[in-house]
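This is what each chain is made of:
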Amino acid sequence: MAKTILTVDDSASIRQMVSFTLKDAGYSVSEAVDGQDGLDKARAGNFNLVFTDQNMPRMDGLTLIKQLRGLPQYKTVPILMLTTESSDGMKAQGRAAGATGWLVKPFDPQKLLEVVRKVIG
Amino acid sequence: MTIDMSQFYQVFFEEAGENLATMEGLLLELDVDAPDLETLNAIFRAAHSMKGGAGTFGFNDMARVTHVLETLLDRLRKQELAPTVEMVDAFLQAGDVLKSQLAAHQEGTEYEAPRVAEVCAHLEVLASLDDTSGEGLASPVRDTGVRESLEGGGWRIEFRPADIGRRDGLELQGLFDALGELGTIEGTVPSDLDGAREMDVCVWRLFGDVGRGAVEEIFAFICEPNQVSLAAIQPDESSLSAEPDESDDDGYGFFMGAPGSEFALDQELDGFGLFGGSPGMDQVVELANQDRLDRDLGYGFFDASPGFPEPNGEARRESPAQTVAAQPKRSVDAGGSRATAAPKRAIAADTSIRVSVEKVDQLINLVGELVITHAMLAESATVLDPALHERIFGGLSNLERNSRDLQQAVMSIRMMPISFVFNRFPRVVRDTAASLGKKVLLRLVGEDTELDKGLIERMADPLNHLVRNSIDHGIEQPEARRAAGKPEQGEITLRASHRGGSVVVEVSDDGAGLNREKLLAKAAKQGIPMPDNPSDKEVWALIFHAGFSTAERVTDISGRGVGMDVVRRNIEDMNGRVEIESSPGRGTHITIRLPLTLAILDGLSVRMGEEIFILPLTVIQESIQPKPEQFKSVVGKGRVALVNGEYLPMVSLRDVFNSGGPETRPEDGILVIVDTNEGRAAVLVDELVAQHQVVIKSLETNYRKVDGVSGATIMGDGRVALILDVDALVRLNRRATRGSVRPIQFSVTGDPNDE
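These remarks concern the structure in this document. (Residues numbered from 1 in each chain as written. Chains lettered and ligands numbered in written order. Predicted model: local features only at pLDDT ≥ 70, side-chain atom pairs only at ≥ 80, totals over all residues. Heavy atoms only, no water.)

Looking now at the overall build of chain B. A count of helices and strands for chain B gives 26 helices and 24 strands. Within chain B, buried positions represent 48% of all 755 residues. In chain B, the proportion of contacts linking residues at least 24 apart, taken out of those at least 6 apart, comes to 66%. Taken as a whole, chain B presents about 36900 Å² of accessible surface, with 52% of it coming from carbon and sulfur. (Helix = DSSP H or I, 4+ residues; strand = E, 2+ residues; numbered from the N terminus. Buried < 20%, exposed > 50% of the residue type's maximum accessible area, 1.4 Å probe, protein only. Contact = heavy atoms within 4.5 Å. Areas by Shrake-Rupley, 256 points an atom, 1.4 Å probe, with all protein chains shown as cover.)

Below, the structure is given as structure tokens:
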């Protein structure tokens, strides 16, 4: 059974790129367009890994991470935040919200795969 | 594995275009004096999203512009700075630059203009406005040279030991110490780098009042400038890293290779990182242990000690399937989750299709032929007795109704809301008003009004001209408005509506209005003949004369008076008409009337001699049976007809088209009063025949342009009838009256009772 990954991003092009790259590598990928959508989709399925952007309409990434950590099935699932803000302040907030790690935007497909393989194999 | 990024470009282009449009719309709606935080956030998101995409897909020029844009926007949304009009201008300019860059990328080229650097520099200046207070930048602006050192802050130094040929721990220690002499340095010097991978990165933090130059100087001895990345750390960031819970962050930049250390310690790699102790790390650890185990089995004995970079097995990287199999964990219905996404896309694709305009036009043409065929059948049926051929007549009326419905349905395919044109005006008004130092509010009414796609495209230029004119010549400067007892902010309204069979587009302003005396003086100066006591309408119509401009000062906004005549011609080309109303101090109101479509029109067929002509119903006001005393000849105006106390120029179709035939007395004919761009006129015809729906066939493409005629149509009996263009007819008639080309018949047919 392929590992399942949820990518949450309001940018369709980034979603498409992430999705294509990960599917190409044999993962099963679902997409969500913002934090709220991400939360709904995450509730509906048990993903092995969640990627979330930070700045999104309706619900931002940090809120999504906090909400996910409140769900029993996502207590220990790796959640990575995509961020263009590589500042330590952002990382500290991410850590506090319960993120497992971060990935700096822009990133290329190779980098994405490197991270995913490191985290869920 | 390499992935061709270009396959995502199209989505990015569309998305960036949408983001730019969103950003511009929000910027225009932003009230600088009372900014709405949600709006600022939304603008930020648009810029941020573009930056992420541009960087990811390698459009670095766009990424650079969006970066500076985002930097300033970030300060605004964090309320560190208050938005100003200047900022909004700068944002809009940056949006324009991005649009150009986007367009260039879509063409496969790059947009290069000095403007790019200017706009970026301007934004940077704005973003660092209160920098003089000694506070650091909210968000570091990299490599711009804006700030060379940061008091209380420092530098984040990032490099790959492998890049700079310093793989030896001792030499790195030397470098570390040298930097340490400049200030306080934090970071780890790996003792042995044999296990380091190409990708591993050293991240050090240097605090203190250290100039960029000083750091660069030290690195200059050992590597190229681009191999080391320097980023400013702001003061609050440096204090943050001194917090106790971050104290074990010595491991930044490297993995601590000891089993289990992944769980406890932060791991910062090139471009991504993992938080030690965070939820989800146990899985990563498990994986790392598994990895270590695998490797141990594969390579024999390998003792990783703390401080070691994590050797991420290359073999594993190439065979994800294996590692997936090695970790049979959660059972998630992958097929199910994919299936939920798929139908949604399918629905979106099913609800609309893209069809080329040619296909729709072909359909319209066929409907036109159907209308003509129906007219022919109806014509043939007139000889039949309705009582005897009831079924034929029933069928004919059904056919008529069906073809009318079909025609409407086909027409609606070509219809688009006028918002496609209107939407550009908030920006036009804003920019034009700003460059003239005027305050103008734009109101858009009836944006959902639909009209033919072809008309929409052709409306853009005339409307643009009218709106700019209103701002330039109509709306007064704020001081003048105040003096006149009006609010400082002028108002321009763009309104669209359906009225009868036409679309009405109005441009109105509450400005100074047209100046009758000035217009008349100008007309006299330019030698434009005017009647002794001209009506307002005649005076206002002067502005449509070629080369007529009343502005004392020629501006780059509305030009030199070339324009209004072009505006009128453009509108007349669409079978439309334009009217002006104006009152001094109250403003100007311009009304444009357009047919719903260019393909079919409701017309009245009239007979003149043997010929049938079509008059568009929209221009007809009334028709009367004239009496001989209603006709007069006036020097310089030719023949006129007195209708309801008003002398109207009279156009005789026989004279204009030289159709010959036996002379008839005017009072035996019918006068059709039509509305033209130069006021009302009377068209003399022999007989009114019938009202039809006619299919417009271009005369120009099938024959050549004929003055006074806007097109042709095929009648039910197969004859061709010309569709009259009353504006051109009146002009033609006036020229014939004044000029030497006046047809001979004209003087002969003058009413002998007159003068």
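This part covers unusual backbone geometry. All names here are of chain B. Residues other than glycine seldom take positive phi values, yet Gln79 does so here, at roughly 60°. Relative to the assigned elements, Gln79 resides in the loop between α3 (60–77) and α4 (85–106). Looking at Gln79, the relative accessible area reads 61%, which means it is exposed. Its identity as a non-glycine residue notwithstanding, Asn644 has a phi of 50°, on the positive side. When you line up the elements, Asn644 lands in the loop between β18 (638–643) and β19 (646–652).

All names here are of chain B. Residues Leu363, Leu366 and Ile413 make up a contiguous nonpolar surface patch of roughly 270 Å² in combined accessible area. The residue Leu366 is located in helix α14 (residues 357–381) in this model. The class for Leu366 is exposed, based on a relative accessible area of 52%. (Patch = residues over 30% accessible without salt bridge, like charges linked within 9 Å, V, L, I, M, F, W, Y side chains within 5 Å. Salt bridge = Lys/Arg side-chain N within 4 Å of Asp/Glu carboxyl O.)

Moving on: the sheet that holds strand β14 (residues 600–608) of chain B. Residue and element names in this part refer to chain B. Pairing within the open sheet is mixed, and its five strands lie in the order β22-β14-β15-β24-β23. Taken across any chain shown, the strands that pair with only one partner, and hence form the sheet edges, are β22 (687–695) and β23 (709–714). Sheet twist, expressed as the average angle between the axes of neighbouring strands with direction ignored, equals 35°. Examined bridge by bridge, β23 and strand β24 (residues 720–724) share five bridges and lie antiparallel to one another. Note on β24: the bridge partner recorded for Val709 is Leu724. (Pairing = 2+ DSSP bridges. Axes fitted to C-alpha atoms, helices over the stretch in contact; angles between N-to-C directions.)

This part takes up the pattern of salt bridges. The final tally for this structure, using the stated rule, is 35 salt bridges over all chains. For Arg43(A), the salt bridge identified is with Asp40(A), shortest N-O distance 4.0 Å. Linking Arg43(A) with Asp40(A), this pair stays in helix α2 (residues 35–44), spanning three residues, or about one helical turn. Note that Asp452(B) and Arg414(B) form a salt bridge whose closest N and O atoms lie 2.8 Å from each other. Residue Asp452(B) is found in strand β9 (residues 450–452), and its partner Arg414(B) is found in helix α15 (residues 390–414); the two are separated by 38 residues along the sequence. What makes Asp452(B) buried here is its relative accessible area of 3%. The class for Arg414(B) is buried, based on a relative accessible area of 15%. Ionic contacts of the salt-bridge type, sharing partners, join the residues Glu24(B), Asp89(B), Asp96(B), Lys99(B), Arg115(B), Arg427(B), Arg430(B) and Asp431(B) into one network.

So yeah, pure geometry; function would need other evidence.
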